[in-house]
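Structural description and commentary
Okay, here's what each chain looks like letter by letter:
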Amino acid sequence: MTVESQSLPAPAPEVTPEGAPFWAATADGRLTLQQCAACGRHVWYPRYVCPHCHSTQLEWVEASGRGTVYSFTLTTRGILDYAGCGPYVLALVELAEGPKMMTNLVGVDTSTLSIGDEVQVVFADTGQGNALPRFRPLAEP
Ligand SMILES: [Zn+2]
């Protein structure tokens, strides 16, 4: 079975002060992460303090948009906006920069989907000035 992006709703996120720069970038189709100026590590989800070294010197940087499937599940019974939208893939993607992001996989064949598969970000427009990052199989060069 192939899960396509158009089968999924794209509800607008709740934008917190910490996450506002992230959501603003999604409007331009850019995936961004915080990077700590003190220890150099990337951070997801948005916050004020580095979880690695407790520095408050977090800066927004552009991410590669690439990652690998760390874990996934085929969800057959969604709730809220996802109720009745059919089976979809909920996944934890390990970004190339290190952090893991909870997301949906789209355009994937669930019969061959595997941990470690390479994926790239795509954006689903919420219609509210931002977009939800989702991931699809990495296109062959
Ligand atoms: Zn740090």
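Residues numbered from 1 in each chain as written. Predicted model: local features only at pLDDT ≥ 70, side-chain atom pairs only at ≥ 80, totals over all residues. Heavy atoms only, no water.

**Let's talk about the overall build of the protein**
Helix and strand content of the protein: one helix and ten strands. Shown N-terminal to C-terminal, the secondary structure of the protein runs as helices and strands in the order β-α-β-β-β-β-β-β-β-β-β. Seen through its principal axes, the protein has C-alpha atoms that stretch 45 × 30 × 30 Å. Here the protein holds 141 residues, and the buried ones make up 37% of them. Working note: accessible area of the protein is about 7700 Å², and carbon and sulfur atoms make up 50% of it. Each charge sign in the protein was given a centre, from 8 positive and 14 negative side chains, and these centres are 4 Å apart. (Helix = DSSP H or I, 4+ residues; strand = E, 2+ residues; numbered from the N terminus. Buried < 20%, exposed > 50% of the residue type's maximum accessible area, 1.4 Å probe, protein only. Areas by Shrake-Rupley, 256 points an atom, 1.4 Å probe, with all protein chains shown as cover. Lys, Arg positive; Asp, Glu negative; His and termini not counted. Charge placed at Lys NZ, Arg CZ, Asp CG, Glu CD.)

**Comments concerning the side chain of serine 55**
Tracing the sequence through the fold places serine 55 in the loop between β3 (42-43) and β4 (58-62). Judged by relative accessible area, which is 11%, serine 55 ranks as buried. With residues up to four places along the chain from it excluded, the contact list for serine 55 reads Cys36, Ala38, Tyr48, Val49 and Cys50. (Contact = heavy atoms within 4.5 Å.)

**Observations regarding the sheet that holds strand β2 (residues 32-36)**
Taken together, the three strands give an open sheet; going across it, the order is β3-β2-β4, and neighbouring strands pair in antiparallel fashion. A strand with exactly one partner marks an edge of an open sheet, and here the two such strands are β3 and β4. (Pairing = 2+ DSSP bridges.)

**Regarding the coordination of the zinc ion**
Here the zinc ion is held by the protein donor atoms Cys36 (SG), Cys39 (SG), Cys50 (SG) and Cys53 (SG), which lie 2.3 Å from it. Metal-centred angles of 104 to 116° between the four donor atoms at the zinc ion mark the site as tetrahedral. On the primary sequence, the residues serving as donors to the zinc ion are separated as C-x2-C-x10-C-x2-C. Pair noted here: cysteine 36 is in strand β2 and cysteine 53 is in the loop between β3 and β4, with a separation of 17 residues, a long-range link. Accessibility expressed as a relative area gives 2% for cysteine 36, which makes it buried. A relative accessible area of 34% means that cysteine 53 is categorised as partly exposed. (Donors = N, O, S within 2.8 Å, 3.2 Å for Na, K, Ca; no water. Tetrahedral: all angles 85-135°; square planar, octahedral: opposite > 155°, others 65-115°.)

**Quick word on the UniProt feature "domain: ChsH2 C-terminal OB-fold" (unreviewed entry) in the protein**
Within the UniProt annotation, "domain: ChsH2 C-terminal OB-fold" (unreviewed entry) is assigned to residues 60-123. For the annotated span residues 60-123, helix accounts for 0% and strand for 55% of the residues, and the straight-line distance between the end C-alpha atoms is 19 Å. (UniProt positions renumbered as here; feature names shortened; annotations may be inferred.)

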